[in-house]
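# Structural characterization, general
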Amino acid sequence: MSATPEAPVDPTTMGVGKAIAVLTSGGDAQGMNAAVRATVRVGLYTGAKVYFVHEGYQGLVDGGDNIRPATWESVSMMLQLGGTVIGSARCKDFRTREGRTQAAFNLVKLGITNLCVIGGDGSLTGANQFRTEWSELLEDLLEEEKITEEEAQSSSHLNIVGMVGSIDNDFCGTDMTIGTDSALHRIMEVVDSITTTAQSHQRTFILEVMGRHCGYLALVTALACGADWVFIPEMPPEEDWEEHLCRRLIETRGRGSRLNVIIVAEGAMDSQGKPITSEDIRQLVSTKLGYDTRATVLGHVQRGGTPSAFDRILGSRMGVEAVMALLEATPETPACVVSLSGNQAVRLPLMECVQVTKDVTTAMAEGRFDDAIKLRGKSFENNWNTYKLLAHVRPPDVKSNINVAILNVGAPCSGMNAAVRSAVRIGIIQGHNMLAVHDGFEGLAQGLIEPITWAGVGGWTGKGGSMLGTKRVLPGKLLEDISLSIAKFNIHALVIIGGFEAFVGGLELVAARQKYEELCIPLVVIPATVSNNVPGSDFSIGADTALNTITSTCDRIKQSAAGTKRRVFIIETMGGYCGYLATMAGLSAGADAAYIYEDHFSIHDLEVNVGHLVEKMKTTVKRGLILRNENCSANYTTDFIFNLYSEEGKGIFDCRKNVLGHMQQGGTPTPFDRNFGTKMGAKSVLWLTEKLKECYRHGRIFANNPDSACLLGMKKRSLVFTPLAELKEQTDFEHRIPKTQWWLSLRPLLKVLAKYKVKIDTSEHAHLEHVICKTAVVPKTP
């Protein structure tokens, strides 16, 4: 357990006199370069020496030119590259005692006693074995007189920290491993392309994705594209699955769908452990049903390409945490792995995670499939439960006579439609009548309301914008008409999906309950806005898609700047007064500065930034990227900053500016937004169903207590419902932002990675947590 130091530690001197080596091992994963870059830059920032180990463990054994000092400039332009720039290789030599002795010799000679390993569970297990044997290896080297007593003394202990880079997300203890989100991006691009051709020809498509031992990619893909069926190794289908599958496909076609999509993990098997391949399924469907069927095996496409914004930020955050964990470690600290839980960075004992990962394999081998799903962790279990709800249940014959209306409010954003789709389908499964309200509160007032069916929302997960239509109009002046509409259409509950206007509109409806009895119905607000400025939730649907749009644009701009040398780009992002997009895009695109409203800046700060860029132009990295949130300052406008930089940089660099505008609201939703929207929509309607039972009195529904109007949000590690009334206190209504925002703590990291002399607060670092609950029969992840 790393104790918080009594006196504040100066982070810029934590690493003085220490040396850190970083290596990537096993299969490559997008985002590994972001982790390497952050490890190098934060290591150098702390005063440590940092070394690259090229070609993974093979480079560690071969030594020589494979272990080279890393510099600030040597990790420039790495963020947007897929794979691993420092190379990875399978290494038989490291599995032998001789190989590990040679690796130890190479490290001792360079004075390296801190090793950061980015790889899968095999790579991390190897690292732990290396660490446990370290003192024996030193003794062998002393005996052979390869090292001196003094060298052995100064290298007496080896610290190891792991980061999991694996596109399969098959490591227990972390919600997401580096590379998983990017792999999902690649898969969804293919699924979107395939569904258009499948619809044209009324085809059935079977898509095989990676995941030999873990069905995460297959499961999330199935959720994100609304697949008819998914095969995963953790949960084999029941005995007569062939009959069941064919029946499901016929039902889907019967509901008016022109295509079927089946997702298969490469490690899928039946309950006897016999593999189920995409070819087996193709033959079954075409022979039994006579459908035009195609199978596509994605293979290594999933590993390649540019890392997503999520993976870059994840890699960067983990890199920082890994360096801190290494420098704070004592000989008693167990080797740890840096992971993500919700939006929190956590440190977990490496061997506990490896053990739970092995326990999953054992559970699957012993046929304890429910245990296997639980052992995979909360995130996996939630995905599986949502998938089962949406795919494996037939609409009931008995209706509930409940009418639930759904509306979109505020600016459109990607992922809204996924939330509407899952809300509609879960509602129908519950036996409710689902009503679509067009054009937000205005449509609710005007009676633009119609029933929406199961087939009516088919294919909505992959569509951007708002299929229902949305407006920014608040209900305040329309309350009379809204209450009449609610009475006319006999609406018993409301699902409001949207941004800050949805939150404020919800509050206005609650306040009007005293005057209008019709408004005494349960309602739930689901935050969906690119700005991510709704209180009560760490993330909003749509923000991830916007972030990826900004990041890919910044990549292109940086490339053009790199070609012309000595150029600085100033880019304006959306977000109103909320600096989330500018800050996160700054982290994922490697910006030199991000100006936002929440982090006040003065003319002095602008001068410092210009001075910093002038210095930067003297190095080999002759380009700059500055992000500015649209409402960060009334006077320091984008034009003002552009003119200031142009004037001050005369003769040293030239400037260009770019206002990204509404392209940030459009586009196909990312896998994260599809999945997040799907889970939020499902959870909201299940909650409303329970609330309706509570509020049913004397043959009618009457809801007027605060907890009958809630906002569903992601808080740290779970989805929670918070009464709208409670959130009032947490909101700055003038600037339309929450009073406290979790991502502000990441801003110093942005400055450190851009080489500013700032202090990172090391007092709030993740402490070591445990994965295995000693008391439980089945280990559980937090």
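This text goes with the structure placed above it.
All values reported here derive from a predicted model rather than from experimental measurement.

Rules and cut-offs
Every chain is numbered independently, its residues counted from 1 as its sequence is written. Where local features are concerned, this predicted model is filtered to residues with pLDDT of at least 70; where side-chain atom pairs are given and counted, the filter is 80 or more; whole-chain, interface and lining totals use all residues. Processing note: side-chain calculations cover all non-hydrogen atoms of the structure and skip hydrogens and water entirely. A helix here means a DSSP run of H or I that spans at least four residues, while a strand means a run of E at least two residues long, and both kinds are numbered starting from the N terminus. As defined in this context, the radius of gyration uses C-alpha atoms, and a globule is described by 2.2 Å times the residue total to the power 0.38. Accessibility here uses a 1.4 Å probe with only protein chains present; expressed as a share of the type maximum, an area under 20% marks a residue as buried, one over 50% as exposed, and anything in between as partly exposed. Note on definitions: a residue-residue contact is assigned when non-hydrogen atoms from the two residues lie within 4.5 Å. Note that accessible areas follow from Shrake-Rupley with a 1.4 Å probe, and for residues the cover is restricted to the protein chains shown. Counting rule for charge: Lys and Arg are taken as positive, Asp and Glu as negative, and neither His nor the chain ends is counted. For charged residues, the charge sits on one atom: NZ in Lys, CZ in Arg, CG in Asp, CD in Glu. This arc is taken over the directions from the axis of the helix to the C-beta atoms. Strands are treated as partners if at least two bridges between them are detected by DSSP. Pairing of aromatic side chains here covers Phe, Tyr and the six-membered ring of Trp, requires ring centres within 6.5 Å, and sorts the geometry by plane angle: under 30 degrees stacked, over 60 edge-to-face, intermediate tilted. Take a side-chain nitrogen of Lys or Arg and a carboxyl oxygen of Asp or Glu: if they are within 4 Å of each other, that pair is a salt bridge. Lines fitted to C-alpha atoms define the axes here, with helix axes fitted over just the stretch in contact, and angles between the N-to-C directions of these axes take values from 0 to 180 degrees. Under this definition, polar contacts are N or O atom pairs within 3.5 Å; protein pairs additionally need one hydrogen-donor-capable and one acceptor-capable atom, and for neighbouring residues in sequence, both atoms have to be side-chain atoms. Here a patch means residues that are over 30% exposed by relative accessible area and free of salt bridges, tied together within 9 Å if like-charged and within 5 Å if nonpolar (Val, Leu, Ile, Met, Phe, Trp, Tyr).

## Quick word on the overall build of the chain
Counting its regular elements, the chain contains 24 helices and 27 strands. Its C-alpha atoms give the chain a radius of gyration of 27 Å, near enough to 28 Å, the size a compact globule of 782 residues would have. Referenced to the eigenvectors of the C-alpha coordinate spread, the extents of the chain come out at roughly 90 × 70 × 50 Å. Across the 782 residues in the chain, those meeting the buried criterion constitute 61%. Counting contacts in the chain only where the partners sit at least 6 residues apart, residues at least 24 apart contribute 79% of the total. A total of about 29600 Å² of accessible surface is found on the chain, and carbon and sulfur atoms cover 51% of it. A gap of 5 Å separates the mean positions of the 79 positive and 86 negative side-chain charges of the chain.

## Regarding helix H16 (residues 479–488)
For an α-helix, the turn length of 3.6 residues means that residues three or four places apart are oriented alike. Taken residue by residue, H16 has Leu479, Ile482, Ser483, Ser485 and Ile486 as its buried positions. Along the long axis of H16, the arc covered by the buried residues comes to 160 degrees, so they all point the same way. Exposed residues on H16 whose side chains face more than 90 degrees from its buried face are Leu484 and Lys488. Its buried side turned inward, H16 meets helix H15 (440–446), strand S14 (449–451) and helix H17 (500–511). Remark: Asn490 follows H16 within two positions and exhibits a positive phi of approximately 55 degrees.

## Topic: the pairing of strand S11 (residues 344–349)
As defined by bridge partners, strand S10 (residues 336–341) adjoins S11 across 6 bridges and the pair is classed as antiparallel. What sits directly across from Ser339, in S11, is Val346. Counting the residues between successive antiparallel strands, the hairpin from S10 to S11 contains 2 residues, one of them, Gly342, with a positive phi of roughly 65 degrees.

## Brief notes about the packing of aromatic side chains
Under the defined criterion, the tally for this structure stands at 20 aromatic pairs. Relative to Phe672, the ring of Phe310 has its centre 6.4 Å away and its plane inclined at 25 degrees; by these criteria the two rings are stacked. Within this pair, whereas Phe310 is found in helix H10 (residues 309–328), its partner Phe672 is found in helix H22 (residues 671–695), the two being separated by 362 residues in sequence. Owing to a relative accessible area of 18%, Phe310 belongs among the buried residues under this scheme. Members of the aromatic cluster, joined through ring pairs, are Phe310, Phe539, Phe672, Phe676 and Trp742.

## Focus on the pattern of salt bridges
Should their charged atoms come close, side chains of opposite charge can pair. On inspection of all chains with the given rule, the structure shows 35 salt bridges. Between Arg368 and Glu366 there is a salt bridge whose closest N-O contact spans 3.0 Å. For Arg368, a relative accessible area of 32% puts it in the partly exposed group. In this structure Glu366 comes out as exposed when scored by relative accessible area, which is 53%.

## Here's the deal with unusual backbone geometry
Here Glu145, not a glycine, exhibits a phi torsion of approximately 60 degrees, which is positive. Inspection of the secondary structure assignment puts Glu145 in the loop between helix H4 (121–143) and helix H5 (149–154). The backbone of Asn401 shows a phi angle near 60 degrees, a positive value even though the residue is not glycine. Structurally, the position occupied by Asn401 is in the loop between helix H13 (378–391) and strand S12 (403–409).

## Brief notes about the sheet that holds strand S2 (residues 49–53)
Paired through backbone hydrogen bonds, the strands of a sheet run either parallel or antiparallel to each other. If you walk across this open sheet you meet the 7 strands as S3-S2-S1-S4-S5-S10-S11, and the pairing is mixed. Whereas interior strands pair on both sides, the edge strands pair on one side only; in this sheet they are strand S3 (67–69) and S11. Between one strand axis and the next, the sheet turns through 25 degrees on average, direction left out of account. Packing of H4 onto the sheet brings it into contact with strand S4 (114–119), strand S5 (159–164) and S10, and relative to S4 it is tilted by some 160 degrees.

## Topic: the side chain of Asp270
Here Asp270 lies in the loop between strand S8 (260–265) and helix H9 (278–289). Only 2.9 Å separates the side chain of Asp270 from the backbone nitrogen of Gln272, close enough to count as a polar contact. When neighbours within four sequence positions are excluded, Asp270 is seen to be in contact with Pro236, Pro237, Trp241 and Ile276.

## Some thoughts on the sheet that holds strand S6 (residues 204–209)
Ordered by their spatial adjacency, 4 strands build an open sheet running S7-S8-S6-S9, and the pairing between neighbours is parallel. Looking at the sheet topology across the chains shown, the edges are occupied by strand S7 (229–231) and strand S9 (293–297). The sheet shows a mean angle of 15 degrees between the axes of neighbouring strands, direction not considered. Sheet topology places S7 next to S8; 3 bridges connect them, and they run parallel. The residue of S8 that forms the bridge with Trp229 is Ile262. Along the sheet face, helix H7 (residues 216–225) touches S6, S7 and S8 and points at about 165 degrees away from the line of S8. Set on the sheet, H9 makes contact with S6, S7, S8 and S9; between it and S9 the angle comes to about 175 degrees.

## Some words on the environment of Val437
In this fold, Val437 is placed in strand S13 (residues 433–437). The spatial distance from the C-alpha of Val437 to the C-alpha of Leu407 is 5.0 Å, given a sequence separation of 30 residues.

## Structural notes on a positive patch on the surface
There is a patch of like positive charges on the surface, built from Arg90, Lys92, Arg95 and Arg212. Among the structural elements, Arg90 can be located in the loop between S3 and helix H3 (97–110).

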